[in-house]
Amino acid sequence: MTTTASIRTRTGPAGNIPPAPALELIELRAAYGRIEVLHGVNLTVPTGTVVALLGPNGAGKTTTLNVIGGALEPRSGCVHVAGVHVNGASPDGLARAGVCRIPEGRGIFPNLTVAENLRMCTYSAALSVAEIEEQSFARFPRLGERRGQLAGTMSGGEQQMLAMARALVSRPGLLLLDEISMGLAPLIVSELYSLVGAMAQDGVTVLLTEQFAEMAMEICDFAAVMIHGRIMHVGQPQDVAGYMSEAYLGGVE
């Protein structure tokens, strides 16, 4: 895997940089060993939008995020972040380029308090502890109430809020969310998705994966249906809704 030196800017005629979406996947293929999981994925995520990548378990959604986030190198095809070619870039390099991922399982430090989890962000963000806490507790007041509590003893929804707060400290240009509803009650999921919508209004571009599509469809600007490692349908939520039962019932090969 290469370093950030491999990141290349795409240029147009005479070296002009064309306007670019936050993310482009072009004929992306990826595999685990000899088993190809992504089969020519094409997807565009416009800047300042929420795009939901939907599909049943095993469709290839998490693999797609693994490739975008640098955890898995693509077999072929291109990943462009804000007009920059990032194939083979390290997760650290992508983070410096403004890509932040919250994985399934949240990725917090369970044996540290909420405040200590946030304090860890001072190593990667040019903010003081006070600034990080002010920003995080304003966006997630419940975390302020849990400031001294061990993160691992909080509810799943609160842990997800902490993961989001940690991610937003770095002011990402592109936030990748993987199955934020996993294991959570519907009311908590609704609250989390409201927060995702608020993030987008603040200018954060969001690509989220979701197996349970209903709430994601309520807040996303565009949705893409993935089946067997391929994007089958893309459009506004109302345009894609009719394809969802087909996807989950296995009607498309």
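Before reading on, note that the structure itself is shown above.
These figures come from a predicted structure and were not determined experimentally.

Undergrad: What should I look at first to understand unusual backbone geometry in this one?
TA: Residues apart from glycine generally show negative phi values, whereas peptide bonds are mostly found in trans. If you check the backbone angles, Glu 27 has positive phi at about 45 degrees while not being a glycine. Within the secondary structure, Glu 27 is located in strand β2 (residues 23–32). At Arg 171, a position not held by glycine, the phi torsion is positive, near 50 degrees. Mapping Arg 171 onto the fold places it in the loop between α6 (156–169) and β8 (174–178).

Undergrad: When you look at helix α7 (residues 186–201) in this model, what are you seeing that I'm missing?
TA: Note: α-helices contain 3.6 residues per turn, so residues at a spacing of three or four share the same orientation. Under the 1.5 Å per step criterion, the end-to-end length of α7 is 23 Å for 16 residues, consistent within 8% with the ideal 22 Å. Among the residues of α7, Val 189, Leu 192, Tyr 193, Leu 195, Val 196, Gly 197, Met 199 and Ala 200 are the ones counted as buried. Looking at the buried positions of α7, the neighbouring elements they touch are β4 (50–54), α4 (129–139), α6, β8, β9 (205–210) and α8 (213–219). Phi for Gly 203, located one or two positions after α7, is positive at around 100 degrees.

Undergrad: It is not clear to me how the nonpolar core should be interpreted in this structure. Could you clarify?
TA: As a rule of thumb, nonpolar side chains are buried together in soluble globular proteins. Residues Phe 140, Leu 143, Leu 175, Val 196 and Leu 208 are the most contacted members of the largest nonpolar core, which totals 47 residues. In terms of residue count, the dominant contributor to this core is α6 (8 residues). Aside from chain neighbours lying at most four places away, what touches Leu 175 is Cys 100, Ile 102, Ala 167, Leu 168, Met 199, Val 204, Thr 205, Val 206 and Leu 207. Residues Val 45, Val 51, Leu 72 and Leu 94 belong to the second largest nonpolar core, which totals 29 residues.

Definitions and limits used
- Residues numbered from 1 in each chain as written.
- Predicted model: local features only at pLDDT ≥ 70, side-chain atom pairs only at ≥ 80, totals over all residues.
- Heavy atoms only, no water.
- Helix = DSSP H or I, 4+ residues; strand = E, 2+ residues; numbered from the N terminus.
- Expected span 1.5 Å × (residues − 1).
- Buried < 20%, exposed > 50% of the residue type's maximum accessible area, 1.4 Å probe, protein only.
- Contact = heavy atoms within 4.5 Å.
- Core = buried A, V, L, I, M, F, W, Y, C linked by side-chain atoms within 4.5 Å.

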